[in-house]
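Chain by chain, the residues run as shown.
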Amino acid sequence: MARKRKTDGRTPRRALWFRTLIAITACGVAVGGLAAYRTLSDDTATERPVTMDEASRLALSRLNLYQASPLTVALTATEGGGVVVRVKGVVDYRTHRAVGSYRITGSSGASGASAPAGGQLDHGLIVWDTGGLGLAPAPKGDSRPPWQQAEHIPRSGWSARSYTTDPLDAGLQLLIELGADRPDNPLLLAQSGARRLGSDRIDGRDYERFAGPRAQGAAPGAGPDGGRSPLTYWVDGDGGLRRVTMRMQGLGTPTTVEFSGHDGRAKLPESPWGTG
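Residues numbered from 1 in each chain as written. Predicted model: local features only at pLDDT ≥ 70, side-chain atom pairs only at ≥ 80, totals over all residues. Heavy atoms only, no water.

Student: Please clarify how the sheet that holds strand β11 (residues 241-246) should be interpreted in this entry.
Tutor: Strands in a sheet are paired, the pairing made by backbone hydrogen bonds, and the direction either parallel or antiparallel. Pairing in this open sheet of twelve strands is antiparallel, and the strands run β1-β8-β9-β10-β11-β12-β2-β3-β4-β5-β6-β7 from one edge to the other. With one partner strand each, in any of the chains shown, β1 (48-49) and β7 (159-162) form the two edges of the open sheet. When β1 meets strand β8 (residues 195-202), the two strands line up antiparallel, connected through two bridges. In the strand pairing of β8, Arg48 is matched with Arg196. The strands that helix α2 (residues 52-68) touches are β1, β2 (71-80), β8, β9 (205-211), β10 (231-235), β11 and β12 (255-262); relative to β9, the one it contacts most, it runs at about 110°. Against the sheet, helix α5 (residues 167-177) touches β2, β3 (83-92), β4 (97-106), β5 (119-129), β6 (132-136), β7, β10, β11 and β12, its axis set at about 155° to β2. (Pairing = 2+ DSSP bridges. Helix = DSSP H or I, 4+ residues; strand = E, 2+ residues; numbered from the N terminus. Contact = heavy atoms within 4.5 Å. Axes fitted to C-alpha atoms, helices over the stretch in contact; angles between N-to-C directions.)

See below:
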């Protein structure tokens, strides 16, 4: 299973927001840089620096995730060659642990698997934390939620590894780092290149779309996307985070994370992180 997370120290407050951005940007550079990808919208012409009110709501979004834990999440990552990985599960930002199910679809030519074009290539259970991820076969005939299924699989039943730079791993690493137990500094967000890109309506609710702060050392206007952050956030009027996308080199479709709200029934399993 993934390496155990250290619990005897805290990340300095000023680094909370930027830690994830820098780590994910580094992943993008490792695979060849960040692609210029922009979601088309009716109001893209309104792109501008964030106001302090907008920066304040963006700064609250990670704390709101933490306080709403455990949360239902969904992640979609395009691996290239027509292969798509979808993860549905639950994340708890108080423990920085998550569990869910995964499904890989695509053409047999992309992976060598004996599946029809667009068919299912693989599926199972997945757990992840700040150190890495673990995969296990889904118990046959078990229709319970993944967090209940995972409790009955011992640590030895998980195939564990550290994160790589592929889109799925980068997305899982981003997702597990998004929540924080305190708000970020809105002034720093505004000064570090956060921008309002437009607005969208999702499931009957209005959200504003923001580019996150630039990575440290990135110059405004530099790079294929004008120095803009590879991360885009959809935030409502109360600072609730609904969606995050991450652009990566060579992929026309960004990795997408969706949040669907608090799940009061969910209880993350201990066995994948246990010693047995």
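Student: It is not clear to me how the nonpolar core should be interpreted in this structure. Could you clarify?
Tutor: For soluble globular proteins, the rule of thumb is that nonpolar side chains tend to be buried together. Residues Trp128 and Phe259 are the most contacted members of the largest nonpolar core, which totals 42 residues. Looking at this core element by element, the count peaks at six residues for α5. (Core = buried A, V, L, I, M, F, W, Y, C linked by side-chain atoms within 4.5 Å. Buried < 20%, exposed > 50% of the residue type's maximum accessible area, 1.4 Å probe, protein only.)

Student: When you look at the pairing of β3 in this model, what are you seeing that I'm missing?
Tutor: Every other side chain in a regular strand lies on the same face of the sheet, so the side chains alternate between the two faces. Extensive coverage of β3 is indicated by the burial of eight of its ten residues. Note that β2 and β3 share nine bridges and pair antiparallel. For Leu75, the partnering residue across the bridge sits in β3 and is Val87. Count of turn residues in the β2/β3 antiparallel hairpin: two residues, of which Gly81 carries a positive phi of about 65°. Taking the residues between adjacent antiparallel strands as the criterion, β3 and β4 are bridged by four residues, where His96 takes a positive phi near 55°.

Student: Teacher, can you tell me more about α2 here?
Tutor: Two residues of an α-helix separated by three or four positions point the same way, owing to the 3.6 residues in each turn. Between its terminal C-alpha atoms α2 stretches 24 Å, which fits the 24 Å expected from 17 residues at 1.5 Å a residue. Within α2, the full set of buried residues consists of Glu54, Ala55, Arg57, Leu58, Ala59, Ser61, Arg62, Leu63 and Leu65. (Expected span 1.5 Å × (residues − 1).)

Student: What should I look at first to understand the packing of aromatic side chains in this one?
Tutor: Two aromatic rings are characterised by how far apart their centres lie and by the angle between their planes. Scanning the entire structure with this criterion turns up zero aromatic pairs. Above the face of the Tyr66 ring, Arg94 is positioned so that its terminal group lies 5.0 Å from the ring centre. Taking the ring centre of Trp234 as reference, the NZ or CZ of Arg243 above it sits at 5.2 Å. (Phe/Tyr/Trp six-rings, centres within 6.5 Å; stacked < 30°, edge-to-face > 60°. Lys NZ or Arg CZ within 6 Å of the ring centre and 35° of its normal.)

Student: Can you help me understand α5 in this one?
Tutor: Within α5, eleven of the eleven residues are buried, which leaves it mostly tucked inside the rest of the structure. Within the sequence span of α5, burial applies to Pro167, Leu168, Asp169, Ala170, Gly171, Leu172, Gln173, Leu174, Leu175, Ile176 and Glu177.

Student: Teacher, can you tell me more about unusual backbone geometry here?
Tutor: Most peptide bonds are trans, and most residues other than glycine sit at a negative phi. Here the amide bond leading from Ser69 into Pro70 is cis, since omega sits at -5°, within 30 degrees of zero. Considering the arrangement of structural elements, one finds Pro70 in the loop between α2 and β2. Of note in this structure, Asp203 is not a glycine but carries a positive phi near 50°. You can see Asp203 is positioned in the loop between β8 and β9. Among the residues examined, Asp203 registers a relative accessible area of 68% and is labelled exposed.

Such coordinate-based values are descriptive only and should not be taken to indicate function.
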